[in-house]
There are 2 protein chains.
Amino acid sequence: MHNSQVPAETWSIAELAAEYDVTLRTIRFYEDRGLLTPERRGTTRVYHPRDRVRLALVLRGKRLGFSLDEIAKIVDMYDAEPGEEGQLVYLLDQITHRRTELEQRRRDIEETLQDLAQVETRCRTDLEALRNGQT
Amino acid sequence: MHNSQVPAETWSIAELAAEYDVTLRTIRFYEDRGLLTPERRGTTRVYHPRDRVRLALVLRGKRLGFSLDEIAKIVDMYDAEPGEEGQLVYLLDQITHRRTELEQRRRDIEETLQDLAQVETRCRTDLEALRNGQT
DNA sequence: TTCATGCTTGACGCTTACGTAAACGTAAAG
DNA sequence: CTTTACGTTTACGTAAGCGTCAAGCATGAA
């Protein structure tokens, strides 16, 4: 049955912090908020691949402007147990909701990028005029 | 010379608040932060099209997770005066910077949408299994 | 005149998301 | 054995982004 000889890598809090460029405080704070649940070896935190993935998801969520509470809900969807029908229906509902939000944000981004392109064009025009106008 | 007979519409603070579904407090706060600069008729605020546009931009920026400080910089780029060369170059720099950020966010969104699609698939599979398994 | 509406300016309160010590434990290195 | 590195908890501080009174002015209708 080839019982997976993957080393099951782990990380210290400092390693994770360095990798994702956040402070220890931040990582501990996320644990406080239930976003991470590292193993304890004595009192020391040991992070498994699962935590690492979740941290990455949290940070991505942050870049998207979600609050930690919202992120918690989203991230928890990722490894939700099969569960009962009600749960699944609720999950599908959540997914629809989040998707709607994300698509709105995507539209916002497209619009902003177009606006920026306009400003840039104007900018370059002005710059041209300036450089032609005065020797 | 057809000197534009556009009514040059204006709005009260309550009208703007209703239109964009924010509170008066929020609008005044944005003014405090220099994002809006309504005319004063007596002590009362009168909002012109420019303010209305800027409010929309601010809210869009918020949806994208920018801080009000960042939003201020972005929005101010939109109606920057031609100015001197240094200014223009700085502006172009800013544009590049913001564009990079936005593109990162767009990637984040794409990834998240794909993740959600996976979760949804799994969800529907589980739901199917459940409905087949027990009568 | 009185009342309701809508506006104004403070000013304190609250939540989020951490920053920043303080004070302590542990384990390897010099 | 002491230093150094790395970890821990507890707890107060803070900046952003408003919410929420309180108290007051102006104006038109009843």
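Per an unreviewed UniProt entry, chain A goes by the name MerR family DNA-binding transcriptional regulator and belongs to Kribbella sindirgiensis.

Okay, the relation of the copies chain A and chain B next. Superposition of chain A onto chain B requires a rotation of 180 degrees combined with a translation of 0.0 Å along the rotation axis, giving an RMSD of 0.1 Å. This pairing of chains is accounted for by a two-fold axis. In terms of C-alpha distance to the rotation axis, chain A has Gly65 of chain A as its closest residue, with the C-alpha 1.9 Å off the axis. Take the interface residues of chain A: 100% of them recur as interface residues in chain B, which is what a same-surface contact looks like.

Next up on the list: the UniProt feature "coiled-coil region" (unreviewed entry) in chain A. Per the UniProt record, "coiled-coil region" (unreviewed entry) is found at residues 92–122 of chain A. Secondary structure content for residues 92–122 of chain A is 100% helix and 0% strand, and the end C-alpha separation is 45 Å.

This brings us to the packing of aromatic side chains. Residue and element names in this part refer to chain A. With the rule as written, the count across this model stands at two aromatic pairs over all chains. Between Phe29 and Tyr30, the aromatic rings sit 6.4 Å apart at their centres with planes inclined by 55 degrees, giving tilted as the arrangement. What makes Phe29 partly exposed here is its relative accessible area of 33%. For Tyr30, a relative accessible area of 3% translates into the label buried. The residue whose ring lies beneath Arg105 is Phe66, and the NZ or CZ to ring-centre distance is 4.3 Å.

Rules used throughout
Residues numbered from 1 in each chain as written. Chains lettered and ligands numbered in written order. Predicted model: local features only at pLDDT ≥ 70, side-chain atom pairs only at ≥ 80, totals over all residues. Heavy atoms only, no water. Least-squares fit on C-alpha atoms with pLDDT ≥ 70 in both. Contact = heavy atoms within 4.5 Å. UniProt positions renumbered as here; feature names shortened; annotations may be inferred. Helix = DSSP H or I, 4+ residues; strand = E, 2+ residues; numbered from the N terminus. Phe/Tyr/Trp six-rings, centres within 6.5 Å; stacked < 30°, edge-to-face > 60°. Buried < 20%, exposed > 50% of the residue type's maximum accessible area, 1.4 Å probe, protein only. Lys NZ or Arg CZ within 6 Å of the ring centre and 35° of its normal.

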